[in-house]
Amino acid sequence: MSTLEVRDVWHRYPGADTPALRGASVAVADGEMVSVVGPSGSGKSTLLRVAAGLLRSTSGEVLVDGRDVADQPTERRDLTVMFQHPLLFEHLDVAGNVAFAPRLAGARRREARRCAQRYLRLVHLEGMGSRDVTSLSGGQQQRVALARALAAERGALLLDEPFSSLDRELRASMHDLLVEVRAALAPTILMVTHDLDEAALAESTVVLIDGSVHQHASMVEIYRRPATVAVARLLGGFTEIAGTVRDGMHHSAWGRLPVADGGAEDGAAVLLVRRESLRLAATDSGRAGLGARVVRRRPTGTRVVVTLAGDDDSTVEVELPVGHDVRPGTRVRVVPTDTRAPQWAVQHKDSPGNADALPPGFHVSPHEARLPMEETRS
Ligand SMILES: Nc1ncnc2c1ncn2[C@@H]1O[C@H](COP(=O)(O)OP(=O)(O)OP(=O)(O)O)[C@@H](O)[C@H]1O
């Protein structure tokens, strides 16, 4: 049984103007996997390092199995960390690397080797125990690193971008392996990644933006309904329309569009619309829709993202299958393909937050103190 919880953690690096973590909290239940995503610099690695005990946070708590471990170094916490680079011991062979932790824990040499064989089998490297680690491919080295982390037989596994140095195909095979390992051992896992597909391997995902948790939900739910504009930007695929919500409708230069799920509070709000739920029609097509001018087109492989400007020069993006080409400068109509497609408003509200709740030593401007859920209509 192993649980991991990071509670209301703040961290500011010495000399930094702004905190890297602003009251972030994540709880991982026994046998559960939680992933952490966010833009570069959003504090993902800092969060993981605080949880691992590699970094002491400015304030907040880290609980392992319900016990506060703030004063305990990494090796005294019931967890193992695995990084993007395997960091294998080059003076030991493959089995020696995996046997390292059991040896450290007091196992006899033969017993530790047996344990290593078991974990090497699990990561499909049986028969490679006597290989020199420097002779392995990057993917094999990462498998050894995973076997070594598992052989430590600690409660929780903390993974920091574990597969990001591998190419797409190898990454996919490591994802399959992670699924197998979870089915076999059900370790408690906290994984930082910038790969949204990888994040979806977890039961739930924390979206960290500027050191704050903007959303904690399954990736399916996050894609279905990003909680904030920043989350939508991270996912991509949405266009934002600034306007006002009144009576369950969003009003802007792009017209009146219904707001999903009963409507947001009245007031200024950004409407998030999936790019593919808008289409273009010729101006003389007789179709309803808003007149716009094509500003630019950006191919993305099988699709083309077209940026359009309305009469007030505000822009929206539409995503079309490749082949539906439009030249910059052309006038078109923007037509919703499906008015029932989810589109929802997210409100921006600046609030000074509860300054008393901040740890001493923090100067946080009203904008910085904005709590993510306050800009969310959930
Ligand atoms: N040792 C350090 N000293 C000062 N600032 C740091 C240090 N490490 C990280 N930072 C800053 O803290 C913030 C969060 O960094 P962190 O590495 O946690 O982000 P991240 O989300 O993991 O980024 P990435 O996805 O690029 O790895 C960034 O602004 C970064 O520049």
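Within any chain, residue numbers begin from 1 and follow the written order of that chain's sequence. The model is predicted, so local features are restricted to residues of pLDDT at least 70 and side-chain atom pairs to those at 80 or more, both for listing and for counting; the totals for chains, interfaces and linings are taken over all residues. Working from all heavy atoms in the structure, the side-chain values ignore hydrogens and water.

Identification of the protein chain as ABC transporter ATP-binding protein from Nocardioides flavus is taken from an unreviewed UniProt entry.

Q: Give a description of the pairing of strand β10 (residues 212–217) that names residues and reports values.
A: Any residue under 20% of the maximum accessible area for its type is buried, any over 50% is exposed, and the rest in between are partly exposed; the area is computed with a 1.4 Å probe on protein chains only. Helix and strand definitions here come from DSSP, where helices need a minimum of 4 consecutive H or I residues and strands a minimum of 2 consecutive E residues; each element is numbered from the N-terminal end. Of all the six residues making up β10, five are buried; the element is thus mostly covered by neighbouring parts of the structure. In this sheet, β10 lies alongside strand β9 (residues 204–209) in antiparallel orientation, the contact comprising five bridges. What sits directly across from T205, in β10, is A217. Only strands joined by at least two bridges in the DSSP assignment are considered to pair. The loop that links β9 with its antiparallel partner β10 comprises two residues; one of these, D210, has a positive phi angle of about 45°.

Q: Residue-level account of the packing of aromatic side chains, with values.
A: Pairing of aromatic side chains here covers Phe, Tyr and the six-membered ring of Trp, requires ring centres within 6.5 Å, and sorts the geometry by plane angle: under 30 degrees stacked, over 60 edge-to-face, intermediate tilted. Taken as a whole and assessed by the stated rule, the structure comprises one aromatic pair. Relative to F100, the ring of F89 lies with its centre 4.5 Å away and its plane at 45°, an arrangement referred to as tilted. Highlighted residues: F89 in the loop between β6 (79–82) and α2 (94–104) and F100 in helix α2, separated in sequence by 11 residues. Remark: a charge is flagged as sitting over a ring if the NZ atom of Lys or the CZ atom of Arg is within 6 Å of the ring centre and within 35 degrees of the ring normal. Lying over the aromatic face of F89, R148 brings its terminal NZ or CZ to 5.0 Å of the ring centre.

Q: Summarise the packing of α2 against helix α3 (residues 109–122); cite the residues concerned and give the values.
A: To obtain an axis, a line is fitted to C-alpha atoms, over the contacting stretch when the element is a helix, and the angle between two such axes runs from 0 to 180 degrees between their N-to-C directions. Close contact between α2 and α3 brings their axes to 8 Å; oriented N to C, the two are set at 115°. Here α2 and α3 pass one another in a crossing that is right-handed. Contacts from V94, A95, G96, V98, A99, P102 and R103 of α2 reach α3 at R109, A112, R113, C115, A116, Q117, Y119 and L120. Per-class residue counts for the contact of α2 with α3 are 10 nonpolar, two polar and three charged. Whether a crossing is left-handed or right-handed is set by the direction in which the near helix is turned from the far one by less than a right angle, anticlockwise for left-handed and clockwise for right-handed. Contact criterion: two residues are considered in contact whenever any of their non-hydrogen atoms come within 4.5 Å of each other. In this classification, the charged set is Asp, Glu, Lys and Arg, the nonpolar set is Ala, Val, Leu, Ile, Met, Phe, Trp, Tyr, Cys and Pro, and all remaining amino acids, among them Gly, are polar.

Q: Help me get a handle on unusual backbone geometry, residues and values and all.
A: Within the chain, D8 stands out as a residue other than glycine whose phi angle is a positive 50°. Tracing the sequence through the fold places D8 in strand β1 (residues 4–11). With a phi close to 50°, E153 is a non-glycine residue in the positive phi region. Checked against the element boundaries, E153 lands in the loop between α4 (138–151) and β7 (156–160).

Q: Account for the site of the ligand, with residues named and values stated.
A: Neighbouring residues of the ligand: Y13, A20, P39, S40, G41, S42, G43, K44, S45 and T46. Pairing of N or O atoms within 3.5 Å defines a polar contact, subject to two protein rules: one partner must be a possible hydrogen donor and the other a possible acceptor, and residues neighboring in sequence count only if both atoms are side-chain atoms. At a separation of 3.0 Å, an oxygen atom of the ligand approaches a polar backbone atom of G43. Taking T46, its side chain carries an N or O atom lying 2.5 Å from an oxygen atom of the ligand. Where accessible areas are quoted, they stem from the Shrake-Rupley method and a 1.4 Å probe; at the residue level, only the protein chains shown are allowed to cover. Notes on the ligand: free accessible area 630 Å², of which the protein chains cover 54%. Residues that form the shell around the ligand fall into these classes: three nonpolar, six polar and one charged. Put simply, a residue is near a molecule or strand once any heavy atom of it comes within 4 Å of that molecule or strand.

Q: Account for the sheet that holds strand β2 (residues 21–28), naming residues and giving values.
A: Spatially, the four strands line up as an open sheet ordered β2-β1-β4-β5, and their pairing is antiparallel. Bordering the open sheet on either side are β2 and β5 (67–68), each of which pairs with just one other strand. In this structure, strand β4 (residues 59–64) lies alongside β5, joined through two bridges in antiparallel fashion. Bridge pairing links V64 to R67 in β5. Along the sheet, helix α1 (residues 44–52) makes contact with β1, β2 and β4, crossing β2 at roughly 60°.

Q: How would you explain the pattern of salt bridges if you had to name every residue and give the values?
A: Once the charged atoms of two side chains with opposite charge are near each other, the side chains can pair. Here, a salt bridge means any Lys or Arg side-chain nitrogen found within 4 Å of an Asp or Glu carboxyl oxygen. One pass over the structure, following the stated rule, counts 15 salt bridges. The salt bridge partner of R56 is D71, with a shortest N-O separation of 3.0 Å. Of this pair, R56 sits in the loop between α1 and β4 while D71 sits in the loop between β5 and β6, and the two are 15 residues apart along the sequence. Here R56 matches D71 in class, with each residue exposed. Of the charged contacts, one joins R224 and E221 as a salt bridge, the two residues approaching to 3.1 Å between their closest N and O atoms. Of this pair, R224 and E221 both sit in helix α7 (residues 219–224), three residues apart, which is roughly one turn of that helix.

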